[in-house]
Amino acid sequence: MYVMHVVGAAVSAGLLMGSLACGGGSGTAPPVPVGPAVDPATAGTVTVMVKFEGTPPAPQMMRLEGDPKCVSENGSPERADESLVVGENQALQNVFVYVKDGLGAFGFPVPTEPVVLDQDKCRYTPRVLGVRVGQPLSIRNSDPLLHNVRANPTINQPFNMSTPLEGVSFTRTFATREVMVPFKCDVHAWMTAYVGALDHPYFGTTAPDGRVVLGNLPPGTYTIEAWHETLGTKTQQVTIAAKESKDVAFTFAR
C-alpha cells in the first residue's frame, strides 16, 4: 500500500525496517474531490495572528553528546529546545492553524506534489507542518548518519521506518483527517515533529511573524483552531461575506 524510493544512495530494502501499512503512498492515486469547487470570484480571506502573552521562559538546552555526529553537524554539543519559540512582538511560531469546521460540501483537488519533512542537523524540519489526506508526505534524511522515523497517529496507521544513510527518503500518505500526528526519532530522543492531515487546503503554520493567511475561503461561518504542542488549542468562530477579509487573533500563555 505504499511506495518507497531511495534518493542518492543504493540501500537495500532490508535496511528500511518498519510497518508496511499506513494508508497508501505516492503510487496511490489521490482521492477525487466530491462536491462543488470554490468560486474564486466570491472567495474571501482570513488572516490569523498568534501571540504569546507574558515573558516567555528561557529555552532548555538539549545535550547532543549522545551522538558525536550530531555534535559535528551542529557545531556545538547543545542546542536550544524548539517546543516554544517566541519571536519579535511576542509572535508565537510553530502554531498549526486550520479551519476546523464550516466548509460544508465543497470539494478540493488533492495536490500530487509531496510535502517534505526533512531530517537535517539532527532535527526535523519543519517542526510543524500540514499535508492533505491522500497527498504524498516525503520524509528524507539529509544527515550523514542514522535516523529513524516513528509516526504515532491515533486514527491513521502508525509506521516506524529507518533512514540509515544520507539521501534516503520514503513517502507516506494519510488516509484520514487527523490533527496532529506526532513524529519522533528513536535514535535521537530530542527529534520531534507534528503533522496535521486535513481533507481541505485551509491550514498553515505560523511564520516568525506569527501569521497564517487562509485565502480563497468561500463565504460562510467557520471555526478556526490554533494548535500548539505545549500550550494546547484555542478556537474562534468567524463569518466572512463574499470577497471579505477578516483578521483573527489568538493569544496563548503559560
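Everything below is about the structure printed above this text.
None of these values were measured; they are calculated from a predicted model. (Residues numbered from 1 in each chain as written. Predicted model: local features only at pLDDT ≥ 70, side-chain atom pairs only at ≥ 80, totals over all residues. Heavy atoms only, no water.)

K.L.:
I would appreciate a short explanation of the pattern of salt bridges in the present structure.
P.N.:
A side chain with one charge can pair with a side chain of the opposite charge if their charged atoms come near. The tally for this structure, following the rule as stated, stands at 8 salt bridges. The shortest N-O distance in the salt bridge between Glu65 and Arg63 comes to 2.4 Å. Between Arg140 and Asp118 there is a salt bridge, with the nearest N and O atoms lying 3.3 Å from each other. Here the residue Arg140 occupies a position in strand β8 (residues 137-141), and Asp118 occupies one in strand β5 (residues 115-119), the gap between them amounting to 22 residues. (Salt bridge = Lys/Arg side-chain N within 4 Å of Asp/Glu carboxyl O. Helix = DSSP H or I, 4+ residues; strand = E, 2+ residues; numbered from the N terminus.)

K.L.:
So what exactly am I meant to see when it comes to the sheet that holds strand β12 (residues 178-184) here?
P.N.:
Strand pairing in a sheet relies on backbone hydrogen bonds, with the paired strands running either antiparallel or parallel. As summarised here, the arrangement of the 5 strands in space is β7-β13-β12-β9-β10, forming an open sheet in which the pairing is mixed. Edge positions in the open sheet fall to β7 (128-132) and β10 (159-163), since each of these has one partner strand only. Strand-to-strand, the axes of this sheet are offset by a mean angle of 25 degrees, without reference to chain direction. With 5 bridges joining them, β12 and strand β13 (residues 192-198) adopt antiparallel strand pairing. Its bridge partner lying in β13, Pro182 is registered against Tyr194. (Pairing = 2+ DSSP bridges. Axes fitted to C-alpha atoms, helices over the stretch in contact; angles between N-to-C directions.)

K.L.:
What's the story with the environment of Cys185 in this structure? I'm lost.
P.N.:
Tracing the backbone shows Cys185 in the loop between β12 and β13. The buried category is assigned to Cys185, whose relative accessible area is 2%. Taking C-alpha positions, Cys185 is 9.3 Å from Cys122, a pair spaced 63 residues apart along the chain. Not counting the four nearest positions on each side in its chain, Cys185 is found in contact with Tyr124, His147, Asn148 and Met191. (Buried < 20%, exposed > 50% of the residue type's maximum accessible area, 1.4 Å probe, protein only. Contact = heavy atoms within 4.5 Å.)

K.L.:
So what exactly am I meant to see when it comes to the state of the cysteines here?
P.N.:
Covalent bonding between the sulfur atoms of two cysteines is what defines a disulfide. For the structure shown, the criterion picks out 1 disulfide. Shown here is the disulfide that connects Cys70 with Cys122, its sulfur atoms set 2.0 Å apart. Between Cys70 and Cys122, the disulfide has an S-S torsion of -85 degrees and is therefore left-handed. Here Cys122 lies in the loop between β5 and β6 (124-125) and Cys70 lies in helix α1 (residues 68-74), a separation of 52 residues in the sequence. Here Cys70 and Cys122 have matching classes, each one buried. The thiol of Cys185 is unpaired, and the distance to the nearest cysteine sulfur, on Cys122, comes to 7.9 Å. (Disulfide = S-S within 2.5 Å.)

K.L.:
Any chance you could explain the sheet that holds strand β4 (residues 96-101) here in plain terms?
P.N.:
Strand order in this open sheet of 4 strands is β14-β4-β16-β17, and the pairing throughout is antiparallel. Of all strands in the sheet, those bounded by a partner on one side alone are β14 (203-205) and β17 (232-240). With direction set aside, neighbouring strand axes in the sheet form an average angle of 25 degrees. Here 5 bridges tie β4 to strand β16 (residues 220-228), and the two strands are oriented antiparallel to one another. Across the sheet, the residue bridging to Phe96 is Trp227, located in β16.

K.L.:
Which parts of the structure should I look at to understand the packing of aromatic side chains?
P.N.:
Geometrically, a pair of aromatic rings is defined through the distance of the ring centres and the angle of the planes. Scanning the entire structure with this criterion turns up 6 aromatic pairs. Aromatic pair Phe159 and Phe170: ring centres 6.1 Å apart, planes at 90 degrees, arrangement edge-to-face. Taken as a pair, Phe159 in strand β10 and Phe170 in strand β11 (residues 169-172) lie far apart in primary sequence, 11 residues in all. In this structure Phe159 comes out as buried when scored by relative accessible area, which is 2%. Among the residues examined, Phe170 registers a relative accessible area of 0% and is labelled buried. Plain terms: the ring middles of Phe159 and Phe183 are 5.9 Å apart, the flat faces sit at 75 degrees to each other, and that makes the pair edge-to-face. On the criterion of sequence distance, the pair formed by Phe159 in strand β10 and Phe183 in strand β12 is long-range, its members being 24 residues apart. The buried category is assigned to Phe183, whose relative accessible area is 0%. Through successive ring pairs, a cluster of aromatic residues spans Phe96, Tyr98 and Phe203. Sitting over the face of the ring of Phe159, Arg172 holds its NZ or CZ atom 5.0 Å from the ring centroid. The ring of Phe252 has Lys234 lying over it, and the distance from NZ or CZ to the ring centre is 5.7 Å. (Phe/Tyr/Trp six-rings, centres within 6.5 Å; stacked < 30°, edge-to-face > 60°. Lys NZ or Arg CZ within 6 Å of the ring centre and 35° of its normal.)

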